[in-house]
Amino acid sequence: MSQLEDAAYRLLKSIYTTKDLKVVSATLEALVTRDELKQAAHEVVMDDTLSDGQKISQLQKLFSGVSQEHIHTWLDMMFEEKQFWLFDSKKFDMFDEFVKVFQLKSDELVIVHMGTAIPLYDEQIREFGHYFSEQLDGLSVINLQVNPEIMGGALVRINNLIFDYSLRAKFKRFEIKWIDSLSQTQEMLSY
Amino acid sequence: MQRQHEIEADLVRLVISVSERVVGERLVTEDHVNLIYKSLEEVKQQKDKMRAE
């Protein structure tokens, strides 16, 4: 895995919902256009008079305006690990390259469409997203749809597979089974 | 006989409908979250089963 792919993978790994993915994507696209910010970061990285510690704190200060939680945490992690390569080239815009790789990689994510009867807190959705990422072989994000009609439980769609474990479906299955057993009893008695 | 079966089936539907309403009204957020986890566990079991086949 290349440096760019590894960085993209690490950021994607922290995202569990399609809602967060859209915000992260849009924020990165906006950052790509901030030439003055990238130039300032480049100057910090290339300044030989600064120690690594000073570079880290100056870069963190430069990007402190990035309020998007995932990007903020990811940038902090990158700087703390002294991964300055995002801004060290005058010829190549590595940050721009990173965003391109991130967008390509995000297209490979498995989208888990999950229907629930009640709205969930972002933290809970992330927890479920984490659960799916562990269960599925690749990275995944949850697209949550609230549908009170399902009563409870979850209706899950992964690619073309549908798993209906909602309360509504369970009641329906129980009803069909019950009526079937009544029919069988009736048939037995009629002979 | 047919009529009796229809009446019984209607009774089943009535019981299910009442149960749905009662359950729906009794569930609190914590119950919902637990039910979601249970559903996800069932999804996992189903996926494992499909993989084994």
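The structure displayed is predicted, hence computed values, not measured ones.

1. Looking at unusual backbone geometry
Residue and element names in this part refer to chain A. In this structure, Lys82 takes a positive phi of about 60 degrees despite not being glycine. Structurally, Lys82 can be placed in the loop between helix H5 (69-80) and helix H6 (94-106). Its identity is not glycine, yet Met151 carries a phi of approximately 70 degrees, on the positive side. Structurally, the position occupied by Met151 is in the loop between strand S2 (140-146) and strand S3 (153-158).

2. A closer look at the confidence of the model for chain B
Across chain B, the average pLDDT comes to 87, with 100% of residues at 70 or higher. Scoring of the predicted complex yields 0.79 for pTM and 0.83 for ipTM.

3. With respect to the pairing of S3 of chain A
Residue and element names in this part refer to chain A. Relative to S3, strand S1 (residues 110-116) runs antiparallel, the two sharing five bridges. By the bridge assignment, Thr116 is partnered in S3 with Ala154. Pairing geometry for S3 and strand S4 (residues 161-166), over six bridges, is antiparallel. Paired with Val156 across the two strands is Phe163, which belongs to S4. Counting the residues in the hairpin turn of S3 and S4 gives two residues, including Asn159, whose phi is positive at 55 degrees.

4. Regarding the interface of chain A and chain B
On the chain B side, the residues contacting the 24 residues of chain A number 24 residues. Going through the elements one at a time, helix H7 (122-135), S3, S4 and helix H8 (167-190) of chain A are the ones with two or more residues in the side of chain A that touches chain B. Looking at the side of chain A that touches chain B, the element that brings in the most residues is H8 of chain A, giving ten residues. Its residues assigned to classes, the side of chain A that touches chain B comprises 15 nonpolar, eight polar and one charged.

5. What to know about the domain arrangement of chain A
Residue and element names in this part refer to chain A. Under the domain assignment, chain A is made up of domain 1 (3-106) and domain 2 (110-189). Relative to domain 2, the C-alpha centre of domain 1 lies at a distance of 38 Å. Domain 1 puts seven residues into the contact, and the matching count from domain 2 is ten residues. If you list the elements that add at least two residues to the side of domain 1 that touches domain 2, you get helix H1 (3-13) and helix H2 (18-32).

Cut-offs used in this document
Residues numbered from 1 in each chain as written. Chains lettered and ligands numbered in written order. Predicted model: local features only at pLDDT ≥ 70, side-chain atom pairs only at ≥ 80, totals over all residues. Helix = DSSP H or I, 4+ residues; strand = E, 2+ residues; numbered from the N terminus. pLDDT = per-residue confidence, 0-100. Pairing = 2+ DSSP bridges. Contact = placed C-beta atoms within 7 Å. Nonpolar A, V, L, I, M, F, W, Y, C, P; charged D, E, K, R; others polar. Domains from an automatic or database assignment.

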